[in-house]
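Okay, here's what each chain looks like letter by letter:
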Amino acid sequence: MNDYKKNPQQSLDTTEIQIARLAYIGASISTLGDGLSAVAAGLALNALEKSSNQNPQNQNNDQSKSSEDMQKQIDYLINELKQVKKMMR
């Protein structure tokens, strides 16, 4: 509290930086979430399109590939989130 009395501008700057960091983290998480939603919607659309045109055996193979693709994309988004977390330290 004494620091605030000594230099209120510095305390205000520090607070503004912390607020900006939180805003950046929130925006990054939101963007990653939106990306994940878009990936899921694309995979769902792809699965629906293929299910109407294929036999059951091919359908299972495509679902397995789609699951693998989705896992890769989720891993990528998690790595991006980890990088954002490292930047904020």
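Quick caveat, the model's predicted, so the values are computed rather than measured.

So what exactly am I meant to see when it comes to the overall build of the chain here?
Within the chain one finds 3 helices and 0 strands. Ordered by position from N to C terminus, the α and β elements of the chain give α-α-α. Each of the 89 residues in the chain was classed as buried or not, and the buried ones make up 8%. Split by element, the accessible area of the chain, about 7,300 Å² in all, is 56% carbon and sulfur.

I tried to follow helix H2 (residues 8–51) on my own but got confused; where do I start?
Think of an α-helix as 3.6 residues a turn; residues three or four steps apart then line up on the same face. Between the first and last C-alpha of H2 there are 64 Å, a value that for 44 residues agrees with the 64 Å anticipated at 1.5 Å per step. Among all positions in H2, only Ser 28, Leu 32 and Leu 43 are buried.

Quick notes on the rules
- Residues numbered from 1 in each chain as written.
- Predicted model: local features only at pLDDT ≥ 70, side-chain atom pairs only at ≥ 80, totals over all residues.
- Heavy atoms only, no water.
- Helix = DSSP H or I, 4+ residues; strand = E, 2+ residues; numbered from the N terminus.
- Buried < 20%, exposed > 50% of the residue type's maximum accessible area, 1.4 Å probe, protein only.
- Areas by Shrake-Rupley, 256 points an atom, 1.4 Å probe, with all protein chains shown as cover.
- Expected span 1.5 Å × (residues − 1).

So, to be careful, I would describe these as geometric facts and stop short of saying anything about function.
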